[in-house]
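Analysis of the macromolecular model
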Amino acid sequence: MDLKEKLLELQEKGLKQIRESEDLKQINAIRVNLLGKKGPITEVLRGMKELSAEERPKIGSFSNTIKNELAEAIRVKNEELEIKMTAKKLEKEKIDVTLPGAQIQLGQPHVIMQVIEELEELFLGMGYQVVSGPEIEEDHYNFEMLNLPADHPARDMQDTFYITKELLMRTQTSPVQARTMETHDFSKGPLKMVSPGKVYRRDTDDATHSHQFHQFEGLVIDKHITMADLKGTIELIAKTIFGEEQEIRLRPSYFPFTEPSVEVDVTCFKCAGKGCSICKYTGWLEVLGAGMVHPNVLRMAGVDPEVYGGFAFGLGPDRFAMLKYSIDDIRHFYLNDNRFLSQFTKRG
């Protein structure tokens, strides 16, 4: 059999393989096998060295014609298989657009964030600014600027996690107030701010305590601020979070950064003030601490206490959520149990 006959035989076999191929992977393998450098056509053409100089160009031209025909047949078959594959995929993936859509389950803010956001909206509506600060704080701002020098016994109640002698995980969001007082320009108006955020203390975790929790603190500094302004603000907080029917009472207390200082109670919403096991039969529930800003705190921030005064308050959104929803264990907030968290679908 001469070279031309061998080439014709390879062409016939190649065209048959191309016609019978069923997928893109198979047609690609045929292309590599037939037209590749190690394919049968190349192998046959190795015999051209035995041909005369007159026959070589004829066989070379003939082999190129066969290669071109096979390449064209492969291209056509490849397009045909691609169309079939696309049609098959569309058939498999087709959807009925008249069917109702699948309902997407929407999430909601964490219950503690719901309480914080409700408080933020309340104070933004009254012209306050929301200010955040670092959770890794300097001892200077966390304690000293709040009238808590190094030897003050009240520091023991706020034992925290120290990184260095001067850096610690903040025990309260009050340092944000101290930082803001230092930079506020009182010639442009009073300072009205709230500072929500996470705080840390070395505490044993149990049903009512956590080494990490949230605080929401407020501060107003201006001329002629009185306890009446503080009481009205606290009353508004209680009615917004716990309901319009709630009443408050102020009890004398002590905080190093306020003078005078008060503890704030609201009427027990379980028994409406009659007395029950929740309120320990007093009719009241303690919710936050507050007071008039201590002159030393103003003075250390560069504010003249003879001209300016103010009030401050601090509450725990975790405790507010526990009281509002009758939650008996603070740890539920941090276990990421969706069965628990999904109950609080309504903001606040």
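Up top is the structure.
One structure accompanies this document, and this report is about it. The shown structure was predicted, so the numbers you read here are calculated from the model rather than taken from an experiment.

**Details of the environment of Met-292**
On the secondary structure map, Met-292 appears in strand β8 (residues 284-293). Here Met-292 falls in the buried class, since its relative accessible area comes to 9%. Taking the C-alpha atoms as reference, Met-292 lies 8.8 Å from Phe-313; in sequence the two are 21 residues apart. In contact with Met-292, other than residues within four places in its own chain, are Ile-225, Thr-226, Met-227, Phe-257, Thr-258, Glu-259, Pro-260, Gly-310 and Phe-311.

**A closer look at the environment of Val-76**
Mapped onto the secondary structure, Val-76 falls in helix α4 (residues 56-93). For Val-76, a relative accessible area of 40% corresponds to the partly exposed category.

**A few points about the pairing of strand β4 (residues 191-200)**
Of all 10 residues in β4, 8 are buried, a share of seventy percent or more. Pairing analysis gives 2 bridges linking strand β1 (residues 129-130) to β4, with the strands arranged parallel. Bridging from a neighbouring strand, Val-130 pairs with Val-194 of β4. Inspection of the sheet shows β4 paired to strand β5 (residues 212-222) by 10 bridges, in the antiparallel sense. When the sheet's bridge partners are listed, Tyr-200 is paired in β5 with Gln-212.

**A closer look at the nonpolar core**
The biggest cluster of nonpolar side chains holds 44 residues, and the ones touching the most others in it are Leu-288, Phe-313, Phe-320 and Phe-333. Counting residues per element, this core draws most heavily on helix α5 (residues 111-124), at 7 residues. Non-local contacts of Leu-288, meaning those with residues more than four positions away in its chain, are made with Ile-234, Val-262, Glu-263, Val-264, Phe-313, Gly-314, Leu-315 and Phe-320. Listed in part, the 21 residues of the second largest apolar core include Leu-146, Met-193, Ala-301 and Ala-312.

**Describing α5**
The terminal C-alpha atoms of α5, which comprises 14 residues, lie 20 Å apart, in line with the 20 Å expected from a rise of 1.5 Å per residue. Those residues of α5 that fall on the buried side of the exposure criterion are Val-111, Ile-112, Gln-114, Val-115, Ile-116, Leu-119, Leu-122 and Phe-123. In this structure, the buried side of α5 is in contact with β4, β5, α8 (227-242), β9 (309-315) and α10 (317-325).

**Quick notes on the packing of helix α2 (residues 24-35) against α4**
For any two helices packed against each other, the geometry comes down to the angle between their axes and how far apart the axes lie. Remark: α2 packs on α4, axes separated minimally by 9 Å, with the N-to-C direction vectors making an angle of 170°. When the axes of α2 and α4 are compared, the pair comes out roughly antiparallel. From α2, Leu-24, Ile-27, Arg-31, Leu-34 and Leu-35 reach across to α4, where they touch Lys-67, Leu-70, Ala-71, Ile-74, Lys-77, Asn-78, Leu-81, Glu-82 and Met-85. When the residues that make up the contact of α2 with α4 are grouped by side-chain class, the tally is 9 nonpolar, 1 polar and 4 charged.

**Describing unusual backbone geometry**
Of note, the bond from Glu-259 into Pro-260 is cis; its omega dihedral lies within 30 degrees of zero at 0°. Its location among the elements puts Pro-260 in strand β7 (residues 258-267). One non-glycine residue, Asn-147, adopts positive backbone phi at about 65°. With respect to the element layout, Asn-147 can be found in the loop between α6 (139-142) and β3 (167-169). The phi dihedral of Tyr-281 is positive, around 65°, even though this residue is not glycine.

What counts, and at which threshold
Residues numbered from 1 in each chain as written. Predicted model: local features only at pLDDT ≥ 70, side-chain atom pairs only at ≥ 80, totals over all residues. Heavy atoms only, no water. Helix = DSSP H or I, 4+ residues; strand = E, 2+ residues; numbered from the N terminus. Buried < 20%, exposed > 50% of the residue type's maximum accessible area, 1.4 Å probe, protein only. Contact = heavy atoms within 4.5 Å. Pairing = 2+ DSSP bridges. Core = buried A, V, L, I, M, F, W, Y, C linked by side-chain atoms within 4.5 Å. Expected span 1.5 Å × (residues − 1). Axes fitted to C-alpha atoms, helices over the stretch in contact; angles between N-to-C directions. Parallel < 35°, antiparallel > 145°, perpendicular 65-115°, else oblique. Nonpolar A, V, L, I, M, F, W, Y, C, P; charged D, E, K, R; others polar.

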